[in-house]
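Structure at a glance
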Amino acid sequence: MQKTAKNPRVAIGALAIILGSFAIAPGVVSAAEASAVEEGKKIAFHRKKGNCLACHKIAGGSLAGNIGPALVNMKARFADKAKLRAKIYDATVSSPNTIMPPFGKHKILTKSELDKVVEFIYTL
Amino acid sequence: MKKLLLITAAISVLGAPLVSQASPEDDLKAFRGYFMERFPNVPLEEFANGVYAIDPASREQWEAIEEFPPYEIAIDEGEELFNTPFKNGKTYASCFRNGGIGVKSDYPYYDTEKGQVETLESAINACRTKNGEKPLKWKQGKIASLSAYMAYTTRGQTIDIKIPHDQRAVDAYEDGKRSYYARRGQLNMSCAHCHVDNSGNKIRADLLSPALGHLSHFPVYRSKWGNLGTVHRRFAGCNKQVRALPFKAQSPQYRNLEYFLTYMSNGIPWNGPGARK
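Residues numbered from 1 in each chain as written. Chains lettered and ligands numbered in written order. Predicted model: local features only at pLDDT ≥ 70, side-chain atom pairs only at ≥ 80, totals over all residues. Heavy atoms only, no water.

- The name an unreviewed UniProt entry gives chain A is Sulfur oxidation protein SoxX, with hydrothermal vent metagenome as the organism.

1. Examining the sheet that holds strand S6 (residues 227-229) of chain B
Residues and elements named next belong to chain B.
- Strand order across the open sheet formed by three strands is S6-S5-S7, with mixed pairing between neighbours. Because the sheet does not close on itself, it has two edges, and the strands there are S6 and strand S7 (274-276). Averaged over all pairs of adjacent strands, the angle between their axes in this sheet comes to 35 degrees, without regard to strand direction.
- Two strands pair when backbone bridges link them, and strand S5 (residues 220-222) and S6 are joined in this way by three bridges, in the antiparallel orientation. Considered in S6, the bridge of Arg222 is made with Asn227. (Pairing = 2+ DSSP bridges. Helix = DSSP H or I, 4+ residues; strand = E, 2+ residues; numbered from the N terminus. Axes fitted to C-alpha atoms, helices over the stretch in contact; angles between N-to-C directions.)

2. A short note on the state of the cysteines
- On inspection of all chains with the given rule, the structure shows one disulfide over all chains.
- The thiol of Cys52 of chain A is unpaired, and the distance to the nearest cysteine sulfur, on Cys55 of chain A, comes to 9.0 Å.
- With relative accessibility at 13%, the residue Cys52 of chain A sits in the buried group.
- Not part of a disulfide, Cys55 of chain A finds its nearest cysteine sulfur in Cys194 of chain B, a span of 7.7 Å. (Disulfide = S-S within 2.5 Å. Buried < 20%, exposed > 50% of the residue type's maximum accessible area, 1.4 Å probe, protein only.)

3. Points about the domain arrangement of chain B
All names here are of chain B.
- As assigned here, chain B comprises domain 1 (2-69 + 163-276) and domain 2 (72-152).
- Each of domain 1 and domain 2 has a C-alpha centre, and these two points are 23 Å apart.
- Buried surface at the junction of domain 1 and domain 2, summed over both partners, amounts to about 2,200 Å²; 62% is from carbon and sulfur atoms.
- Connecting domain 1 to domain 2 are zero salt bridges.
- One can count seven residue pairs in polar contact (both at pLDDT 80 or more) joining domain 1 with domain 2.
- Put simply, the parts of the chain that give the side of domain 1 that touches domain 2 at least two residues each are helix H7 (167-181), S6, helix H9 (231-241) and helix H10 (252-264).
- In the side of domain 1 that touches domain 2, the residues fall into 12 nonpolar, eight polar and five charged. (Domains from an automatic or database assignment. Buried area = accessible area lost by both parts, 1.4 Å probe. Salt bridge = Lys/Arg side-chain N within 4 Å of Asp/Glu carboxyl O. Polar contact = N/O pair within 3.5 Å; in protein donor to acceptor, adjacent residues only side chain to side chain. Nonpolar A, V, L, I, M, F, W, Y, C, P; charged D, E, K, R; others polar.)

4. So, the interface of chain B and chain A
- Taken together, the contact between chain B and chain A spans 19 residues of the former and 22 residues of the latter.
- Connecting chain B to chain A are zero salt bridges.
- Linking chain B with chain A are 11 residue pairs in polar contact (both at pLDDT 80 or more).
- Counting only elements with at least two residues in the side of chain B that touches chain A, the list comes to helix H1 (2-19), helix H8 (191-197) and strand S3 (202-203) of chain B.
- Broken down by element, the residue count for the side of chain B that touches chain A peaks at three residues, all from H1 of chain B.
- Of the residues contributing to the side of chain B that touches chain A, the split by class is eight nonpolar, six polar and five charged. (Contact = heavy atoms within 4.5 Å.)

Following this line, the structure appears as structure tokens:
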């Protein structure tokens, strides 16, 4: 994770230059995605933001809670990424009695923060 | 408005099956049964010890703390305050049954004259104003010390809160119950989410204590606070943690919540003041 964190920053610089005149090229998109994953991880682990570790065990995080399931095999559990996003946006829709806060609906995370968290969680 | 609708919806969804029909007696049976089943090796009276009833590791530290209890000074201060006459020459003893010794077990109760739940703290301040003294601040300081002394003289008695056959008392109880199961705050959590559904689970590195017996040990010395606080101070802290606006200490909401929750601890010993993390 640490290694990939450095390259995207360079890529973002390049992205800024390119963005003005070109449609986003495939190579640049993947760099931007890598950056979103890294940022998503920070937001997910931040106590005042996602604070996902309060309830979920996540690779790379310490002292995780055990209220929710460990976040593993996410692509297998959510074939459709939009469903994962919907779960984080407002988990009470699919699980009415859940303790999980509605991160999008209650604006705990901004739209962009939520998108990044989804990108990160989807890599797990 | 959206939020309000949301809260109302949450209350109706969560509260409906629990709030509507059951009598307080039925509630108590179900509530206690749930925890006895969830923690089959913990005897009922042990629930007076909160998270230390279910976690041997932290219990050891707690027992070490209890050897030199951090609330001891407060008990002494409370006793001194209790016995210091007001300007009119009377003392707190004049306001309470049995001279105020061992009477925390009388609270909370539904006061049919005042039409509200009376708590030990509200009775302490009522005693002061009746005797021409200014009321004390509600959440900590002298009131917590007085309450600690009075709790201390009540230790060993069993919690036995009554809900009289008065519709207003039942309404107060039901209101407290609804409050306990209602989602609130930006994090959209109810008290029950953590302390019923997830009691014994870990939220980050902290073990969630069971709701059964929660009201046995107040006022409490919390290491986090570095001093003693009343149960309404604790309620406010919980509300803030889920990013909800707390109610005022001794508001009807908190009085009713205390009424419901203490009733749910019936059968468990009074063991205040307590020490917690």
